[in-house]
Amino acid sequence: MDEQQPELRWAPLPAPPKRTGRIWLIVGLSVAALAIVGVLLFLFLPRGDGPTPGASPSSTPSASASATPTPTPTPSATPAPSQTPIVDPPPATDPTIEAFRGQVSGWLNDAPRGLDIITGANGPDALPVVETLQQDVQRLSDAQPPASIADGWRDGLSVYSQRLTDLQSALTVGAAPAETIDAARAAVQDLRALVGL
């Protein structure tokens, strides 16, 4: 019974580890985040300075208009004629025959070859060639001819386009008559002669 019991003594608890490093890290990150937000707001938010430059030029004309009410009809009459040439497109320059020939010669040189292909493959298989020639006619009509040949050019294109339409109609049902191909060839030759090819 005389067992010895351990003696209980009260001792202070060990001090908790200091966490001041973590606290300073959190404070530093918070300050950095606030600084970034402040810089972004400064850069991207519109300022009150923006409308001021726009307001000063608009106030200047109104002040000058109110300062000189009598001469107002005279300046308004002067800008009206100066605005008319700005609104009207400038007159188109008339190309020379040589420049126009250089612009359209590729399509006009391809036409006889295309008609030769149609003669060789006379039938529905030649329809894609006719469609290509019709697209070339559209490109030719978009070209601006010189005034000296403008009427003859438009008339010649109209005839050539009609001959190609006749040729297309003939090829959809079978072989085209030789006269139809010859008529298209004669129409394109007239256009070539008109531009000097």
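Source: prediction; values computed, not measured. (Residues numbered from 1 in each chain as written. Predicted model: local features only at pLDDT ≥ 70, side-chain atom pairs only at ≥ 80, totals over all residues. Heavy atoms only, no water.)

In this structure the tally under the stated criterion is 1 aromatic pair. Where Phe100 meets Trp153, the ring centres are 4.9 Å apart and the plane angle is 85 degrees; that geometry is what we call edge-to-face. Highlighted residues: Phe100 in helix H5 (residues 97-120) and Trp153 in helix H7 (residues 150-173), separated in sequence by 53 residues. You can call Phe100 buried: its relative accessible area is 0%. (Phe/Tyr/Trp six-rings, centres within 6.5 Å; stacked < 30°, edge-to-face > 60°. Helix = DSSP H or I, 4+ residues; strand = E, 2+ residues; numbered from the N terminus. Buried < 20%, exposed > 50% of the residue type's maximum accessible area, 1.4 Å probe, protein only.)

Next up on the list: the pattern of salt bridges. Inspection of the entire model under this criterion finds 4 salt bridges. Across the salt bridge formed by Asp116 and Arg185, the nearest N and O atoms sit 2.9 Å from each other. Within this pair, whereas Asp116 is found in helix H5, its partner Arg185 is found in helix H8 (residues 178-195), the two being separated by 69 residues in sequence. Residue classification places Arg185 among the partly exposed positions, given a relative accessible area of 23%. (Salt bridge = Lys/Arg side-chain N within 4 Å of Asp/Glu carboxyl O.)

Counting 29 residues, the largest nonpolar core has Val104, Leu108, Ile118, Trp153, Tyr160, Leu167 and Leu171 as its most contacted members. Broken down by secondary-structure element, the contributors of at least two residues to this core are H5, helix H6 (127-142), H7 and H8. No other element matches the 7 residues that H7 contributes to this core. Setting aside anything within four residues of it in sequence, one finds Val104 in contact with Leu140, Ala143, Trp153 and Val195. (Core = buried A, V, L, I, M, F, W, Y, C linked by side-chain atoms within 4.5 Å. Contact = heavy atoms within 4.5 Å.)

Moving on: the environment of Leu127. Along the chain, the position of Leu127 falls in helix H6. Between the C-alpha atoms of Leu127 and Leu167, which are 40 residues apart in sequence, the distance is 9.0 Å. Once you skip the residues sitting within four places of it in the chain, Leu127 turns out to touch Gln168, Leu171 and Thr172.

Geometric descriptors of this kind do not, in isolation, establish any biological role.
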